[in-house]
Structure formats: structure tokens, C-alpha cells
Amino acid sequence: MSVTILNHSLIKHKLTNIRKKETKTKDFYQHVQEIAGLMAYEISRDFPLKKVEIETPMCKSIQYEVAQDVVIVPILRAGLGMTEGIRSMIPTAKVGFIGLYRDEETLEPHEYYAKFPSTITSSIVLVVDPMLATGGSAVAAIDMLKKRGAKDIRYVGLVGAPEGVKLLSNAHPDVDIYLAALDDKLNEDGYIVPGLGDCGDRLFGTK
Ligand code: PRP
Ligand code: URA
């Protein structure tokens, strides 16, 4: 298990933009996508490669291709905001979906939807959700994926709280965690501080 905070100037700059309370839906969504694309570029650095024989206009040549398929699994709704950004970097990736909402009182996650490509058992599975708060949603999503046979799972989020990182790494020590930032704490309502507020609402303009 590893926790990687992606230390990249462009990621930090764009993250500052989405943290600002005055950033509106259109710019918020665009920056989330761009950050997710940059994160995908960094995370895929060590994806396994296989040798392939190709023919250039000049000659036959041995070159390299990514050896494993990739499946992106956004946790609805907010994970959708990151999906197109990752697909712009890995356009051959398939996409599965997990619908979870967090009860506002208990903060417990509730499942309402699941749909996965059959290749999740042999693919690199990127679970994406911008906010790792208590960690309950991430743990539940990964439980669902493991039940369906996924083995190589990585969690990709924008902002994490220490509480969420702890819960996720204890529940799923085999899952590497990638974040754009590790924030200070959760407040009494279970929101990340300083955070960026309610990510789903800010992405889709629902408040
Ligand atoms: C948010 C967020 C995560 C979850 C994180 O979703 O997108 O899925 O909360 O909180 P946790 O780590 O404490 O589980 P929310 O339940 O608000 O649903 P939404 O994306 O549909 O708005
Ligand atoms: N979900 C959000 O959208 N934001 C938080 O800070 C915590 C959970």
C-alpha cells in the first residue's frame, strides 16, 4: 500500500482555482477534468509494458504498448467530473459506474447503482472520486469491486482528509492511494477542511 500526493505545480495551481468559493460550475468542472488528466499522466508512469513488433515506413521494429487494460470506475456523482479528464489521457479505458450517496446524518454510504465491464478482473482499475472524507464511500466502492473479482485497484482522488486515508488504507492495504492534496481534517459535518465544499453540487450546479 502507498499514499502518493502528486506534487506538481500545475495540479496545485488548478486545485487552488477549484478551492476558491467564487469559482463557478463551468470553470470548476473544467479544472477538475484537467487535474484528473494530469493525475492520470503521473499515475500511469509505471503501468506495465509489453513488447510489440510493428512496421514503421522504414523497417520492422520492436516497440512498446501498455500491457494491461484500464477500467475507470467513477463513484457517482462527483467521480464523473474526473472521468473525461482521465479518458483524455487513456482513451482506450473502459468505464464502470458505482452509485453511492452519503447519508447526511450518519455519513454512511448507500449503494444505488453498479455496472462494470467484464474485464475488471484482469484490468488496472482506477476508482475515482474527488473527495476522500471519512473514507466510507471509497471503502464500500472497493468492497463492491473486489466482490466482482477486481484485483489491481488504485484509488484516485483530488482532496483527502487524514481520517479517510487511514480508514481506506486499513480496510484495503493492497490499494495504492493517489491524491492531489492531503488536507487538515474533517469538520463536525464530515466536510474536508479547507477542502472545496460539496464537490458534486459544485460540479453539476445543484446548489
Ligand atoms: C461525496 C463525495 C464522495 C463522498 C465522500 O459524495 O463525492 O463520494 O461524499 O465522503 P466519505 O469519504 O465520507 O464517504 P456524496 O455522497 O455527497 O454524493 P454526490 O457525489 O452524489 O454528491
Ligand atoms: N463530500 C464532498 O463533496 N465534500 C466534502 O468535503 C466531503 C464529502
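Preceding this section is the structure that the text describes.
Only a predicted model underlies this, so the values are computations on that prediction, with no experimental measurement involved.

Enquirer: So, the overall build of the protein chain: which residues are in play, and what are the values?
Expert: Looking only at helices and strands, the protein chain features six helices and 13 strands. In terms of overall dimensions, the protein chain is globule-like: its C-alpha atoms have a radius of gyration of 17 Å, near the 17 Å expected for 207 residues. With the C-alpha coordinates aligned to their principal axes, the bounding extent of the protein chain is approximately 65 × 35 × 30 Å. Across the 207 residues in the protein chain, those meeting the buried criterion constitute 47%. Accessible surface, the protein chain as shown: approximately 10,800 Å² in total, 51% of it carbon and sulfur. Of the side chains in the protein chain, 25 bear a positive and 27 a negative charge, and the two mean positions are spaced by 3 Å.

Enquirer: Explain the site of ligand 1 residue by residue, including any values.
Expert: In the neighbourhood of ligand 1, 13 residues make up the surrounding shell, with Arg102, Asp129, Thr134, Gly135 and Ser137 lying closest. Contact distances for ligand 1 include 2.8 Å between an oxygen atom and a backbone N or O atom of Gly135. Note that an oxygen atom of ligand 1 is positioned 2.6 Å from one of the side-chain N or O atoms of Ser137. When ligand 1 is considered free in solution it has 500 Å² of accessible area, and contact with the protein chains removes 90% of it. Of all the elements in the fold, those that place two or more residues in the shell around ligand 1 are strand S6 (97-102), strand S9 (131-132) and helix H4 (136-147). Per-class residue counts for the shell around ligand 1 are six nonpolar, four polar and three charged.

Enquirer: Give a detailed account of unusual backbone geometry, specifying residues and quantitative values.
Expert: Each neighbour pair has its own omega, and for Leu76 with Arg77 the value is -5°, a cis peptide bond. Examined against the element boundaries, Arg77 turns out to sit in the loop between strand S4 (70-76) and helix H3 (80-89). Residues Val193 and Pro194 are joined by a peptide bond in cis, for which omega reads 5°. Its identity is not glycine, yet Leu107 carries a phi of approximately 65°, on the positive side. Mapped onto the fold, Leu107 is located in the loop between S6 and strand S7 (109-115).

Enquirer: Can you break down helix H2 (residues 25-43) residue by residue, with the values?
Expert: Taking 1.5 Å as the rise per residue, H2 with 19 residues should run 27 Å; its terminal C-alpha atoms sit 26 Å apart, in good agreement. For H2, every residue scored as buried is listed here: Phe28, His31, Val32, Ile35, Ala36, Gly37, Leu38, Met39, Ala40 and Ile43.

Enquirer: Tell me what's going on with a nonpolar patch on the surface, and back it up with residues and numbers.
Expert: Taken together, Met1, Val3, Ile5 and Leu182 make up a surface patch of nonpolar side chains, about 340 Å² in accessible area. Examined against the element boundaries, Leu182 turns out to sit in strand S11 (residues 176-182). You can call Leu182 partly exposed: its relative accessible area is 44%.

Enquirer: Residue-level account of the site of ligand 2, with values.
Expert: Neighbouring residues of ligand 2: Arg102, Met131, Ala133, Gly190, Tyr191, Ile192, Gly197, Asp198 and Cys199. At 2.8 Å from an oxygen atom of ligand 2 is found a main-chain nitrogen or oxygen belonging to Ile192. At 2.8 Å, a backbone N or O of Cys199 approaches an oxygen atom of ligand 2.

Enquirer: Please provide a residue-by-residue account of the environment of Ser122, values included.
Expert: Relative to the helices and strands, Ser122 resides in the loop between S7 and strand S8 (124-128). You can call Ser122 partly exposed: its relative accessible area is 48%. Sequence separation between Ser122 and Val70 is 52 residues; the distance between their C-alpha atoms is 9.0 Å.

Enquirer: Hey, could you go over the packing of aromatic side chains for me, with residue numbers and the actual values?
Expert: The full count for this structure, using the stated rule, is two aromatic pairs. Geometrically, the ring pair formed by Tyr29 and Phe204 is tilted, given 6.4 Å between the ring centres and 50° between the ring planes. Taken together, the positions of Tyr29 in helix H2 and Phe204 in helix H6 (residues 199-204) put the pair 175 residues apart, joining distant regions of the chain. Note on Tyr29: relative accessible area 25%, which makes it partly exposed. Residue classification places Phe204 among the partly exposed positions, given a relative accessible area of 34%. When the ring of Tyr101 is compared with that of Tyr112, the centres are 6.3 Å apart and the planes differ by 35°; the resulting orientation is tilted. Linking Tyr101 in strand S6 with Tyr112 in strand S7, this pair joins segments that are 11 residues apart in sequence. One cation-aromatic arrangement involves Arg102 over Tyr191; the distance from NZ or CZ to the ring centre is 5.7 Å.

Reading guide: rules and limits
- Going along each chain's sequence as written, the residues are numbered from 1 onward.
- Lettering of chains starts at A and numbering of ligands starts at 1, both following the order in which they are written.
- This being a predicted model, a pLDDT of at least 70 is required before a residue's local features are given, and a value of 80 or more before pairs of side-chain atoms are given or counted; all residues contribute to the totals for chains, interfaces and linings.
- Based on all heavy atoms of the structure, the side-chain values leave hydrogens and waters out of the count.
- Segments assigned H or I by DSSP are reported as helices when at least four residues long, segments assigned E as strands when at least two residues long, and all are numbered from the N terminus.
- We compute the radius of gyration over the C-alpha atoms and compare it with the globule rule, which gives 2.2 Å times the number of residues raised to the power 0.38.
- Throughout this description, buried means an accessible area under 20% of the type-specific maximum (1.4 Å probe, protein chains only), exposed means over 50%, and partly exposed covers the range between.
- Accessible surface area values rest on a Shrake-Rupley calculation with a 1.4 Å probe, where residue burial reflects the displayed protein chains alone.
- His is not counted here, nor are the chain ends, while Lys and Arg score as positive and Asp and Glu score as negative.
- By convention, charge coordinates are those of NZ in Lys, CZ in Arg, CG in Asp, or CD in Glu.
- Neighbouring residues are identified by heavy atoms, a residue being near a molecule or strand if any of them is within 4 Å of it.
- Pairing of N or O atoms within 3.5 Å defines a polar contact, subject to two protein rules: one partner must be a possible hydrogen donor and the other a possible acceptor, and residues neighboring in sequence count only if both atoms are side-chain atoms.
- Any residue outside Ala, Val, Leu, Ile, Met, Phe, Trp, Tyr, Cys, Pro, Asp, Glu, Lys and Arg is labelled polar, Gly included; the first ten of those are nonpolar and the last four are charged.
- A helix is expected to span 1.5 Å multiplied by its residue count minus one.
- Surface patches are defined over residues having more than 30% relative accessible area and no salt bridge, joining like charges when they lie within 9 Å and nonpolar side chains (Val, Leu, Ile, Met, Phe, Trp, Tyr) when within 5 Å.
- Just to be clear on terms, a salt bridge is a Lys or Arg side-chain nitrogen sitting within 4 Å of an Asp or Glu carboxyl oxygen.
- Between rings of Phe, Tyr and Trp, where Trp is taken as its six-membered ring, a pair exists when centres lie within 6.5 Å; planes separated by under 30 degrees are stacked, by over 60 edge-to-face, and by other angles tilted.
- Only when the NZ of Lys or the CZ of Arg is both within 6 Å of the ring centre and within 35 degrees of the ring normal is a charge said to sit over the ring.

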